[in-house]
Amino acid sequence: MAVPDRVLSNDDLSAIVDTSDEWIVSRTGIRERRIASERESTATLGLKAAQRALDVADVLPVEIDLIICATSTSENIFPSTASVIQGGLGATQAGAFDLSAACSGFVYALNMATQSIRAGSIRTAVVIGAETMSRVVNWQDRGTCILFGDGAGAVVLKASSEPGGILSAILRSDGTGSDLLGLPTFGSIDAGGADLLENGHRLGKMHMNGGEVFKFAIRVISESLPQAAQAAGITMNDVKLIVPHQANARILQSAARALKLDETRFMTNLDRYGNTSAASIPMALCDAIAQGRVQDGDYLAFVGFGGGLSWASMVMRWGTPAAALGSAGRFNWQRRRLSYATASGRTWFGRELRRLRRAMARMLPGSRLSRLQREIDENLP
Ligand code: UT7
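Residues numbered from 1 in each chain as written. Predicted model: local features only at pLDDT ≥ 70, side-chain atom pairs only at ≥ 80, totals over all residues. Heavy atoms only, no water.

A. The pattern of salt bridges, seen in detail. Per the stated rule, a full pass over the model turns up nine salt bridges. Residue Asp 55 pairs with Arg 336 through a salt bridge whose shortest N-O separation is 2.6 Å. One end of the pair, Asp 55, is in helix α3 (residues 42-57); the other, Arg 336, is in helix α12 (residues 330-363), with 281 residues separating them in the sequence. Residue Arg 272 is joined to Asp 287 by a salt bridge in which the shortest nitrogen-to-oxygen separation is 2.9 Å. One end of the pair, Arg 272, is in helix α9 (residues 270-273); the other, Asp 287, is in helix α10 (residues 280-290), and 15 residues separate them in sequence. Of the residues examined, Arg 272 reaches a relative accessible area of 31% and is grouped as partly exposed. For Asp 287, a relative accessible area of 10% puts it in the buried group. (Salt bridge = Lys/Arg side-chain N within 4 Å of Asp/Glu carboxyl O. Helix = DSSP H or I, 4+ residues; strand = E, 2+ residues; numbered from the N terminus. Buried < 20%, exposed > 50% of the residue type's maximum accessible area, 1.4 Å probe, protein only.)

Structure follows, in structure tokens:
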């Protein structure tokens, strides 16, 4: 995982909006969150998380077949954040795309990558959840801005003949609740140049009906987790740890009660990072591993829920591939660094070369290069 260094505490927030540490902690469980610096973006955080995941798995960028980035805060509609990350890794054999399923996105993406591996079309995938929510929250709305933070998490998935891995997934959507949680974006909405839409929402700013989403979340967590367990051929009692989307501690406590499970079976780290949307599940998984709460052979469950409305539950059996245990050698570590350095050099060189070609064509108007450049320019749409 990767998070920005800058910490925004509840007390810091109370200087921005009419709120207090006491209200935020008692209503949400959140104590602080991370906020991206000017130099950070969804892609830079996602790239850092992906690099760390490759180190843990001891996989080379050139071995990656597919990169999926689940995000709601891509810098661009296109190019995708996944493509920017692919370029930064130097994953020259990989396809890359973003997946939009709000806070359920990471589980959706994990299932898409799993199915591609299972179908035999790819062998190795990197799945990332990355967000810079601080760029899209309305900092005047105390009902939402206190909840969200920035960060990224990533995993490497590999084909294996060992039993285990991802065992089941329940993916669902209810578009009739699409007005309850959203982020209207520029592009296909014609707002006549205004930022404020007829329905009162702002372009580029998140809105949420907290109370409705709260009830929806408890319902779908408690319904879909047992469905995923059943599809995996186990019961919820077999699941060692549930790694849920980190939205609100009260949601998780209510869901635990509804499922008649001890709430310690739900991993939480939202006190330190808040709600990081699609990044929250891989970040919580990383923390769970670091805390020694995940062992080989454990059944884990993931559950995401959010805008769409969308939700997704998944059950997996954790297993560390044998290769990653022994040979995370210095040599591969260096080969990865070389790939990142070459990738950034290639991006810079390509850009400069294109600029130089145009400049040369202008300086030598009668040359073949100039004619070629004119032809390219004239044929551009
Ligand atoms: O990631 C996507 C999924 N998102 C979620 O799952 C979020 C789900 N929703 C929630 O977590 C909760 O609904 C919130 C944390 C957003 C709100 O908590 P709540 O207990 O539902 O509070 P509320 O909206 O019912 O508001 C209760 C009171 C209101 O005051 P009045 O009308 O009772 O006087 C609010 O104006 O609390 C007030 N309030 C605040 N007070 C201090 C709302 N936000 C704040 C605040 N500080 N930040």
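B. Geometry of the domain arrangement of the protein chain. You can read the domains of the protein chain as domain 1 (7-317) and domain 2 (328-379). One C-alpha centre belongs to domain 1, the other to domain 2, and the line joining them spans 35 Å. Between domain 1 and domain 2, the residue contacts involve 12 residues of the former and 11 residues of the latter. Taken over both partners, the interface formed by domain 1 and domain 2 buries close to 970 Å², and the fraction arising from carbon and sulfur atoms is 47%. Considering only the side of domain 1, the residues that lose the most area to domain 2 are Asp 55, Asp 58 and Leu 60, jointly responsible for 53% of the buried surface there. (Domains from an automatic or database assignment. Contact = heavy atoms within 4.5 Å. Buried area = accessible area lost by both parts, 1.4 Å probe.)

C. Seen up close, the site of the ligand. The environment of the ligand is made up of 23 residues, and the closest members are Thr 19, Arg 27, His 245, Asn 248 and Asn 275. Arg 27 places a polar side-chain atom, nitrogen or oxygen, 2.8 Å from an oxygen atom of the ligand. Contact distances for the ligand include 3.1 Å between a nitrogen atom and a backbone N or O atom of Gly 210. The protein chains hide 70% of the 950 Å² of surface that the ligand would expose on its own. Elements with a contribution of two residues or more to the shell around the ligand: α2 (21-28), α6 (142-145), α7 (210-231) and α8 (249-259). (Near = heavy atom within 4 Å. Polar contact = N/O pair within 3.5 Å; in protein donor to acceptor, adjacent residues only side chain to side chain. Areas by Shrake-Rupley, 256 points an atom, 1.4 Å probe, with all protein chains shown as cover.)

D. Inspection of the pairing of strand β11 (residues 299-306) at higher detail. The buried count for β11 comes to eight of eight residues, which makes it a mostly enclosed element. Residues Tyr 299, Ala 301, Val 303 and Phe 305 of β11 are buried on one face, and the alternating residues Leu 300, Phe 302, Gly 304 and Gly 306, pointing to the opposite face, are buried as well. Where strand β10 (residues 239-244) lies against β11, five bridges are found, and the strand directions are parallel. Within β11, the position partnered with Leu 241 by the bridge is Leu 300. Note that β11 and strand β12 (residues 310-317) share eight bridges and pair antiparallel. Across the sheet, the residue bridging to Tyr 299 is Arg 317, located in β12. Connecting β11 to the antiparallel partner β12 that follows it, the hairpin turn spans three residues, and Gly 308 within it adopts a positive phi of roughly 145°. (Pairing = 2+ DSSP bridges.)

E. Quick peek at the packing of aromatic side chains. Summed over all chains, the structure comprises one aromatic pair. Their ring planes at 75° and their centres at 5.7 Å tell us that Phe 216 and Trp 311 sit as a pair that is edge-to-face. Of this pair, Phe 216 sits in helix α7 while Trp 311 sits in strand β12, and the two are 95 residues apart along the sequence. The same class applies to Phe 216 and to Trp 311, which are both buried. Between Arg 337 and the ring centre of Trp 333, over which it is positioned, the NZ or CZ distance is 4.2 Å. (Phe/Tyr/Trp six-rings, centres within 6.5 Å; stacked < 30°, edge-to-face > 60°. Lys NZ or Arg CZ within 6 Å of the ring centre and 35° of its normal.)

F. Fine view of the state of the cysteines. Summed over the entire model, instances satisfying the criterion amount to zero disulfides. Here Cys 69 is not disulfide-linked; the sulfur of Cys 103 is the nearest cysteine sulfur, at 14 Å. Classification of Cys 69 by relative accessible area gives buried; the value is 0%. Sulfur of Cys 286: no disulfide; nearest cysteine sulfur belongs to Cys 69 and is 15 Å away. (Disulfide = S-S within 2.5 Å.)

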